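# What the coordinates show
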Amino acid sequence: MNPILVGVALAVTAGSVIAISARDARTALVGLAVALGVAPFLGDPLPQVTTMAARVVGAALAAYLLRAAVAVAPPAPARGPRPPSGSRIGWPTEALLSAAAWIVAISLARGLADLGPNGPASDSDDLLGYLTPAAVVAAAGLASIIVAIVPAFAGRNALGTTIGSLILIQGVLLFRIGVAGPPGDLEQLGGVVLLLAIGVAGAWLIGAEGRRTLGRPEGLEMAATAGADEPPHAPPR
Amino acid sequence: MSVLLLVAIALPGGVATALLAHRRRAAFAIGLLAALACIVVAASIRAEDTVPLAGSIIGGSDALRTLAVAWAFSTFLFGLMDALLGDGQSVLGPSLVGLGVGALGLSVADAGIGFAMLTAGAVLAAVLPIVMVRGGPSAAPGLGILSLRPVVAAGAITILAVAWGASAVGPLVAIGPLGEIDPALETSMGLALLAVTAAVVIRLGAIPAHVWTARFTEALPASAVPPLLGWGAAAFALVSLGWVDVTITSTGVDLGPQRAIVVVVATASIVLGGLAGILRDDIEHALAYSIVQDAGVALLAFASPGSASTSAGRDWIVAAVAVKSGLAAWVLVTRSTFRTHRRLDLGGWARRSPLLGLALLLVLIGAVGLPGMAAFDARADLVRLALPGPIGVLVLVTAFAPLVVLGRLLVSGVDAMAAPVREATNVAPRLRGRADGWADDPSPVRLVPAAIRANGRPLAAAAAVLVAFVGLAVAVSGLGSTVVGGASGGDQTGPGAAGVVAP
């Protein structure tokens, strides 16, 4: 067992749970930044420094795009229905789901290791021996997938759907590393491009949602620049 | 090297175009120049062009050249039509990005890279054009979320399938030295086939995942359709087909029940898509349901094992997309010219605009096909291989629904003129006159732009003819049945990693 790797995997899972379950947008974005920013360090062996740097920068940029979009988005109207955000079942339940996903993924990784070219693991009674690098990476990935499926495909607003999609894809990429080994550098860069694209699309959607809240008829602009033409006495957030 | 050059032009060009979308002229100028350069570079792709990049090999091929040239040409012409019609500056940017990542995804042998890249391009193509949604800003976020979900779902499913394929229990590793296959592996291969096919169903918008396709097509200008539901979806299907061919079909496992499920879904898309296209009255739904029907035929390539089916599937996917790009171009220009989208309100449209009539005629020939055309033969082969016997004949007949859908549109074009068609302005070319003051100043510097402004719609119709012609050309030639993917260039997924039109 590599304790640092386990800690990193737990940080990814905790970030995912916070991102999915937080009701406050800024808290959710902090969780997202942690989940996306720490995930590149989850692997054994670690990728090349340049590839890892690209993944970290890509993750940070994706999270920053969402933060910028949320920052300039107008607040929800004081009256009228406000779409609820965050998980409907609460963070304790999401955390328990993640724990269940960890158990399943570690068992799965153990089974895969037994079928691998090195044959069955030698010490099957050592519980800590189950926490191989592949197992913890797969566990962090599966936990992310499990908690992100509902917000990604049944999210009630643009921010929730985007965060769910980012966590889901991050989980899929981690699970792929856990069960099939580390991918090549170009495939990792492909993952960065995908996360960035979802970040851009999410920022765009959040901007569009903000414009809908304002009810401006003249059209939409890119979210990152959407606040440029706001009057200086815009309603305080 | 040529593929990398194409990517190096398309990606920055697309990003710059998207960022400058609020400055129409600058966006179109940069985007159209980039698209033009992409056509030139795509035409220079050669099979011997291989470049190692970040642990993988980027390689060209004759098939990739055909696909990339048609894709880039379509991107350029749709950008040109949008510029002439004064709309759609939010489409060209994501289209170019989609072209760049699509070419990169198709040129590597590892399907994992292809799926990630193509999903990234599709995400942008699905969401960025929502600023042009009909119905105002209130409809934009909902449409964006509705379009984002299937794209993300399809990408996630396929990346997981690739992970399974390369894992210790996947066929690339788990098949014994003598080729013996464990029953559990056979079961998991069947599930993987269904999973990837489900992803293709979702991504292409086949029945039962067709709702988002119809919503997207009816809510946005038709120029937004080919980047997402046309070329991008075709590339996704090609990568999927290559992965299934190498990872599953090459093992020789029967998978009869699973392939039967695929046949049922494909048949439903062909039959119901054709019927829906006939029953609907507006031209956007004619486009949407013809795409659904084409997706059904493409799914048949996943239903029957063997190289004949794979080759026919490749030919059909590319030809269908190229032809339906022509239909999208016709829909775009027709709706913009006559300000209506109902067939009953379009009586006499071809008499007012013969160029549009020619465009739809070319689309009709490409969609229905003639014996000897690659698309026609590919469709017949796919149906015959997956559905032998009389049922196959019935399904094949249903697959000719475009003859009815497009044929009656053509007939209405020479019918009595409806009021919207009669009242439409700037339909015919203006070679003389004082439109927008273009005859006031004889200087070419002012004359040419003024003439282009005055003739925007006829020029857009001419561009639509070109798109339809390219579609017909691809339908005639296809990708070439000798194209064989699956050359392994990836070092991380083992021998037989999936490729599509890789070297």
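Residues numbered from 1 in each chain as written. Chains lettered and ligands numbered in written order. Predicted model: local features only at pLDDT ≥ 70, side-chain atom pairs only at ≥ 80, totals over all residues.

## Description of the overall build of chain B
- When helices and strands are counted, chain B shows 21 helices and two strands.
- What you see for chain B is a C-alpha radius of gyration of 22 Å, in line with the 23 Å of a compact globule of 503 residues.
- Over its C-alpha atoms, taken along the principal directions, chain B stretches across nearly 80 × 50 × 45 Å.
- The burial tally for chain B puts 64% of its 503 residues in the buried class.
- Within chain B, contacts between residues separated by at least 24 positions form 80% of all contacts whose residues are at least 6 apart in sequence. (Helix = DSSP H or I, 4+ residues; strand = E, 2+ residues; numbered from the N terminus. Rg over C-alpha atoms; globule rule 2.2 N^0.38 Å. Buried ≥ 20, exposed ≤ 12 C-beta atoms within 10 Å, placed from the backbone. Contact = placed C-beta atoms within 7 Å.)

## Side note on the overall build of chain A
- Scanning chain A for helices and strands turns up seven helices and zero strands.
- Of the regular secondary structure in chain A, the N- to C-terminal order runs α-α-α-α-α-α-α.
- Taken across its 237 residues, chain A has 54% of its residues classed as buried.
- For chain A, the share of sequence-separated contacts (at least 6 apart) that also reach a separation of at least 24 residues comes to 74%.

## Comments concerning the nonpolar core
- One finds A139(A), M81(B), V123(B), L299(B), A329(B), A359(B) and A464(B) to be the most contacted residues of the largest nonpolar core, which totals 281 residues.
- Among all residues touching M81(B), those that are not within four sequence positions of it are S223(B), A329(B), L332(B), V333(B), A460(B), A463(B) and A464(B). (Core = buried A, V, L, I, M, F, W, Y, C linked by C-beta atoms within 7 Å.)

## Comments concerning the packing of helix α2 (residues 24–43) of chain B against helix α3 (residues 62–85) of chain B
All names here are of chain B.
- Two elements in contact, α2 and α3, have axes whose closest approach is 8 Å; the angle formed by their N-to-C orientations is 160°. By the angle between their directions, the pair α2 and α3 is classed as roughly antiparallel. Judged by the twist between their axes, the crossing of α2 over α3 is left-handed. Packed against α2, whose contacting residues are F28, G31, L32, A35, L36, C38, I39, A42 and A43, the element α3 presents R65, A68, V69, A72, F73, T75, F76, G79, L80 and A83 at the interface.
- The residue makeup of the contact of α2 with α3, split by class, is 15 nonpolar, three polar and one charged. (Axes fitted to C-alpha atoms, helices over the stretch in contact; angles between N-to-C directions. Parallel < 35°, antiparallel > 145°, perpendicular 65-115°, else oblique. Left-handed = near helix turned anticlockwise from the far one by under 90°. Nonpolar A, V, L, I, M, F, W, Y, C, P; charged D, E, K, R; others polar.)

## Thoughts on helix α21 (residues 456–477) of chain B
All names here are of chain B.
- Taking 1.5 Å per residue as the helical rise, α21 with its 22 residues ought to reach 32 Å, and the 32 Å between its terminal C-alpha atoms agrees with that figure.
- Burial runs high along α21: 16 of the 22 residues are buried.
- A positive phi of about 65° marks G478, the residue just after α21. (Expected span 1.5 Å × (residues − 1).)

## Describing the confidence of the model for chain B
All names here are of chain B.
- Per-residue confidence for chain B gives a mean pLDDT of 86; residues scoring 70 or more make up 92%.
- The least confident element of chain B is helix α7 (residues 171–174), whose mean pLDDT is 72; the most confident is helix α15 (residues 354–368), at 94.
- Low pLDDT, under 50, characterises residues 481–499; the predicted model gives this stretch 67 contacts beyond four residues in sequence or across chains.
- Interface scoring of the predicted complex returns ipTM 0.89; its pTM is 0.90. (pLDDT = per-residue confidence, 0-100.)

## Some remarks on the pairing of strand β2 (residues 56–59) of chain B
All names here are of chain B.
- Burial along β2 is two-sided: S56 and I58 facing one way and I57 and G59 facing the other are all buried.
- Here strand β1 (residues 50–53) pairs with β2 via four bridges, running antiparallel. Within β2, the residue paired with P52 across the bridge is I57.
- Connecting β1 to the antiparallel partner β2 that follows it, the hairpin turn spans two residues, and A54 within it adopts a positive phi of roughly 50°. (Pairing = 2+ DSSP bridges.)

## Section: helix α5 (residues 111–127) of chain B
- A rise of 1.5 Å per residue sets the reference length of α5(B), with its 17 residues, at 24 Å; its end C-alpha atoms lie 24 Å apart and thus fit the reference within 8%.
- A large share of α5(B) lies buried, amounting to 17 of its 17 residues.

## A few points about the interface of chain A and chain B
- Opposite the 42 residues of chain A that make contact, chain B presents 43 residues.
- Broken down by element, the side of chain A that touches chain B gets its largest block of residues, 18 residues, from helix α7 (residues 185–214) of chain A.
- When the residues that make up the side of chain A that touches chain B are grouped by side-chain class, the tally is 26 nonpolar, eight polar and eight charged.

## Points about the packing of α15(B) against α21(B)
Residues and elements named next belong to chain B.
- With their axes 8 Å apart at the nearest point, α15 and α21 run at an angle of 15° to one another. By the criterion of interaxial angle, the relationship of α15 to α21 is roughly parallel. As α15 runs across α21, the sense of the crossing is left-handed. From α15, L355, L356, L358, A359, L362, V363, I365 and G366 reach across to α21, where they touch P458, A461, A462, A464, V465, A468, F469, G471, L472 and A475.
- When grouped by side-chain class, the residues that make up the contact of α15 with α21 number 16 nonpolar, two polar and no charged.

## Description of the environment of V172(A)
- Checked against the element boundaries, V172(A) lands in helix α6 (residues 158–180).
- Overall, V172(A) belongs to the buried group, with 25 C-beta atoms counted inside 10 Å.
- Distance in space between the C-alpha atoms of V172(A) and A138(A) is 9.1 Å, their sequence separation being 34 residues.
- Ignoring sequence-local partners within four residues, the contact set of V172(A) consists of G141(A), I145(A), A156(B), I159(B) and L160(B).

## Describing the environment of L362(B)
Residue and element names in this part refer to chain B.
- Mapped onto the elements of the fold, L362 is located in helix α15.
- The class of L362 is buried, set by 25 C-beta atoms lying within 10 Å.
- In contact with L362, not counting residues within four places along its chain, are G326, V465, A468, F469 and L472.

## Focus: the confidence of the model for chain A
- Mean pLDDT over chain A: 82, with 81% of residues reaching 70 or higher.
- Predicted confidence is poor over residues 217–237 of chain A, with pLDDT under 50, and the contacts of this stretch with residues over four places away or in other chains come to 31 contacts.

## What to know about unusual backbone geometry
Residues and elements named next belong to chain B.
- Along the chain, I207 connects to P208 via a cis peptide bond; the corresponding omega equals 15°.
- With respect to the helices, strands and loops of the structure, P208 is situated in the loop between α8 (183–204) and α9 (211–219).
- A positive phi angle, near 55°, is found at L255, a position not held by glycine.
- Within the secondary structure, L255 sits in the loop between α10 (225–247) and α11 (256–279).
- Overall, the presence of 22 C-beta atoms within 10 Å leaves L255 in the buried class.
- In the Ramachandran plot, R339 falls in the positive-phi region, its phi being about 60° despite a non-glycine side chain.

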